[in-house]
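Descriptive analysis of the structure
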There are 2 protein chains.
Amino acid sequence: MPRKQIVIIGGGFGGLTAARRIHHADVVLIDRTNHHLFQPLLYQVATAALSPSDIAWPLRTVFRPQRNVRVVMDEVLSIDRVARLIRLRDSAPIPFEILIVAPGARHGYFGHDEWEPLAPGLKTMTDAVRLREKMLLAFEEAERRRAATGTQDPLTFVIVGGGPTGVELAGALAEIGRKAMGPDFPHLQLDDLSILLVEGGPRILPGFSPHLSTKAAAALARMGVTVRLNSQVSAVLVDGVRIEGELIPSGNIIWAAGNRASPLLDTLSVPQDASGRIKVQPDLTVPGDPWIFAIGDAAHCIGKDGNPLPGLAPVAMQQGRYVGDLIVNQRPPDQRRPFVYRDRGMLATIGRAKAVAQLGPIRASGLLAWLLWCIVHIFFLIGFRNRVRVMSEWVWYYITFKPGARLLYEQPQPPRE
Amino acid sequence: MPRKQIVIIGGGFGGLTAARRIHHADVVLIDRTNHHLFQPLLYQVATAALSPSDIAWPLRTVFRPQRNVRVVMDEVLSIDRVARLIRLRDSAPIPFEILIVAPGARHGYFGHDEWEPLAPGLKTMTDAVRLREKMLLAFEEAERRRAATGTQDPLTFVIVGGGPTGVELAGALAEIGRKAMGPDFPHLQLDDLSILLVEGGPRILPGFSPHLSTKAAAALARMGVTVRLNSQVSAVLVDGVRIEGELIPSGNIIWAAGNRASPLLDTLSVPQDASGRIKVQPDLTVPGDPWIFAIGDAAHCIGKDGNPLPGLAPVAMQQGRYVGDLIVNQRPPDQRRPFVYRDRGMLATIGRAKAVAQLGPIRASGLLAWLLWCIVHIFFLIGFRNRVRVMSEWVWYYITFKPGARLLYEQPQPPRE
């Protein structure tokens, strides 16, 4: 008979934090990849400023000192609440007594899933490496075209979604395009590059104060990014994107809008919100099941202001800690205080020495906010070595503008797949 | 009319070295990838000890200070000696006045090219990243199988070819398997791993002295590698390899035997040797064409001992320097001294603190040879930052045995392609 055990689905911020709290019992941590990913820096891999190994840690290495945690690399197909079993693609089902569901989210395409291959998102390392490859090949191709024809044929990047990911990606692309790539491609002129950030709402960074949104938009404009507000994407095509009726030609469309929770959550058969998240109880359990928790991007959890909490790393980490402690203390359902999110602030970086920060009553922008952003992110990086490496990468990048991560592994071949 | 120019095909050791010598004229450097690769350390990426960006440099970054060199990322389809044109897959043909052909080599499959997908080689970054992925997935799968069934089902790696690449790969696999991966896979037992090095000749490292071959074989045996000498591969199958009639079950066969020069050389229509190399003149020109040079793995060049020079980085670099200087000095064909290779020695590493070195009359093995190997390789790494990084990676790896490069980007999916 297998021993009773705690199962955690997902090695992201929520699942990892929970697993690190639990030492008294057997834990099985299941993830589709073999690594924990520092997702907030994923755009830096996508724009070739950092290498994959700078922002990812093998889960087996993370849990090497914690012998009660067993790591299983597999894909969860379904959760059987009746039989108390996790069904996996490659392994035998795993029984659970207590379950934490933290599988994260993909981007949401507003019901147009067929847009995903044409406008990929940025959630996994695979996404980032593919985007990097595509971006570098686009520059190479534009340089070849310019050398051959000399004609104007702008290289347009369209980023859909003006949240932190979209803003950070647009800023990083503008920097690498205008400053770092420029000297390397003698035929390419800087005007050949056009970066468009499309936001459906009236301002970018809607989670921040309107003042900081304006600051961020102005900083992006100075860097050469065109920001289009109140603009909906109505179609994504092979060679462009249709925005409010206008066709914008582009072979490089990146999706950074909306979240769609993992389809795995559907197998729990409990109420979900419009984006697929579980409407959790105040103790983050699924309704009617006091030992199944949903956290992070999987949880629709109402905050103090009456709105659902945003899909941010600090939310997932605090939830992971809360649930981990409930489990360690074997707290019965009627003795649990509700989860309360402590908002320690928000940061978004726009470029070198440019960021916006909102920490309680404090609003900052520019260099100060950027330094804050650096400190916070480096502080949260898990491995000591990576912390030093990423720091030295950044300093070097800051001084030289020579990204060392700019590698194309593949030979340029006709499109595969 | 386009200006007359010098064209170099290939940004490997030979092509890169030549391009760096030439400052007086326009140079076009064509490569299929966007980077120069430090191939002797490729096996360390394949075994997840180093990251890709540690051993590769974007060519555009390398030549940023040298404005007379234009980098073109494209695939050369053919060389037209009559029209003096290089025909490319994606760009317009490039005219040349002087040409250096340095496209490198792939592995040779002794006429069995159909074996390549089943037993991939290790020549490009794509090869290394795929091999790393396959190796890591094999460990994950073995762990799952062990956890599920508890039965014995050994994980066998077969490496074909006992030259430096095969030996270094076998040693690195044994180390990562037995020492680093062990603690991470609690169900996997160390006896589950079997590494087999197959060599067709009577000893491994045939380029070294028999004494050092014996030392290396003994070191490998102590690390758990089975060395089979005088053994020919007669068939490569999906689930194993046939060696001297015996079927060895394995899903992980790696080819490190023989060289097959680039098929591009066939388009020159000059005499080639059995492995496709151009039989060059003493000044490294192709017969009858005093301004077309072939160097590195593309050249069949007779050494002082009457044998063709081996396909090593120092040979390619010395040839690149020789040809670059001929071009800079515009030396007419009748005033050229023949190319002479100065053998500064050979090194092969087997594992941590284990290597063999042969430097003129000096023969060394063990720690001393390994330290020599470290110094030589770090000295030859091009970028300062990478030199420091690779050094710190190694020191860290040496102390902790926790490779940080052990990432699987892809989710495990049914085989693609």
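Check the entry above for the structure.
This part takes up the overall build of chain A. Looking only at helices and strands, chain A has nine helices and 25 strands in total. Put simply, chain A has 417 residues, and 58% of those count as buried. When contacts within chain A are restricted to residue pairs at least 6 apart in sequence, long-range pairs at least 24 apart make up 64% of them. Accessible area for chain A stands at about 17300 Å²; split by element, carbon and sulfur atoms hold 57% of it.

This part takes up unusual backbone geometry. Residues and elements named next belong to chain A. Residue Gln330 is not a glycine yet carries a positive backbone phi of 45 degrees. Note that Gln330 resides in the loop between helix H7 (313-328) and strand E23 (346-351). A residue is classified by how much of its surface remains accessible, and Gln330, at 54% relative accessible area, is exposed.

Residue and element names in this part refer to chain A. Relative to strand E25 (residues 362-365), strand E24 (residues 354-359) is paired through four bridges, and the arrangement is antiparallel. By the bridge assignment, Val356 is partnered in E25 with Ser365. Turn length for the E24-E25 hairpin, with the two strands adjacent in sequence and antiparallel, is two residues, and the turn residue Gly360 shows positive phi of about 60 degrees.

Moving on to the sheet that holds strand E25 (residues 362-365) of chain B. Residues and elements named next belong to chain B. Taken together, the three strands give an open sheet; going across it, the order is E23-E24-E25, and neighbouring strands pair in antiparallel fashion. The sheet is open, and its two borders are formed by strand E23 (346-351) and E25, each paired with just one other strand. Pairwise comparison of adjacent strand axes, ignoring direction, gives a mean angle of 5 degrees for this sheet. In terms of strand pairing, E23 meets strand E24 (residues 354-359) through five bridges, oriented antiparallel. If you follow Ala348 over to E24, its bridge partner there is Val356. Of the strands in this sheet, E23, E24 and E25 touch helix H6 (residues 210-222), which is tilted by about 170 degrees from E24.

All names here are of chain A. For the pair helix H1 (residues 13-21) and H7, interaxial distance at closest approach is 7 Å and the crossing angle is 30 degrees. With respect to H7, the axis of H1 lies roughly parallel. Between H1 and H7 lies a crossing whose hand is right-handed. Residue-level contacts link Phe13, Gly14, Thr17, Ala18 and Arg21 of H1 to Ala313, Ala316, Met317, Gly320, Arg321, Gly324, Asp325 and Val328 of H7. Grouping the amino acids of the contact of H1 with H7 by side-chain chemistry returns six nonpolar, four polar and three charged.

The residue B:Ser250 is located in the loop between strand E16 (246-249) and strand E17 (252-255) in this model. Those residues within four positions of B:Ser250 in sequence are excluded, and the remaining contacts are B:Thr156, B:Phe157, B:Val158, B:Val238, B:Asp239 and B:Gly240.

A word on the packing of aromatic side chains. All names here are of chain B. Overall, the coordinates contain 16 aromatic pairs over all chains when judged by the stated rule. Taking 5.7 Å as the distance between ring centres and 55 degrees as the angle between the ring planes, the aromatic pair formed by Trp115 and Trp255 counts as tilted. Of this pair, Trp115 sits in the loop between strand E10 (105-106) and helix H4 (125-149) while Trp255 sits in strand E17, placing them 140 residues apart in sequence. In this structure, Trp115 and Trp255 share a single accessibility class: buried. In this structure, Arg336 is placed above the aromatic ring of Trp291, and the distance from its NZ or CZ to the ring centre is 4.5 Å.

This part covers the pattern of salt bridges. What the rule picks out here adds up to 34 salt bridges over all chains. Salt-bridge contacts for A:Asp80 lead to A:Arg87; the nearest nitrogen and oxygen are separated by 2.9 Å. Of the residues examined, A:Arg87 reaches a relative accessible area of 32% and is grouped as partly exposed. Between B:Arg145 and B:Glu141 there is a salt bridge, and its shortest N-O distance comes to 3.5 Å. Residue B:Arg145 and its partner B:Glu141 are located together in helix H4, separated by four residues, close to a single helical turn. Judged by its relative accessible area of 41%, B:Glu141 falls in the partly exposed class. Among the charged side chains, a network of salt bridges with common partners joins A:Arg32, A:Glu75, A:Arg89, A:Asp90 and B:Arg144.

Rules of the game
- Residues numbered from 1 in each chain as written.
- Chains lettered and ligands numbered in written order.
- Predicted model: local features only at pLDDT ≥ 70, side-chain atom pairs only at ≥ 80, totals over all residues.
- Heavy atoms only, no water.
- Helix = DSSP H or I, 4+ residues; strand = E, 2+ residues; numbered from the N terminus.
- Buried < 20%, exposed > 50% of the residue type's maximum accessible area, 1.4 Å probe, protein only.
- Contact = heavy atoms within 4.5 Å.
- Areas by Shrake-Rupley, 256 points an atom, 1.4 Å probe, with all protein chains shown as cover.
- Pairing = 2+ DSSP bridges.
- Axes fitted to C-alpha atoms, helices over the stretch in contact; angles between N-to-C directions.
- Parallel < 35°, antiparallel > 145°, perpendicular 65-115°, else oblique.
- Left-handed = near helix turned anticlockwise from the far one by under 90°.
- Nonpolar A, V, L, I, M, F, W, Y, C, P; charged D, E, K, R; others polar.
- Phe/Tyr/Trp six-rings, centres within 6.5 Å; stacked < 30°, edge-to-face > 60°.
- Lys NZ or Arg CZ within 6 Å of the ring centre and 35° of its normal.
- Salt bridge = Lys/Arg side-chain N within 4 Å of Asp/Glu carboxyl O.

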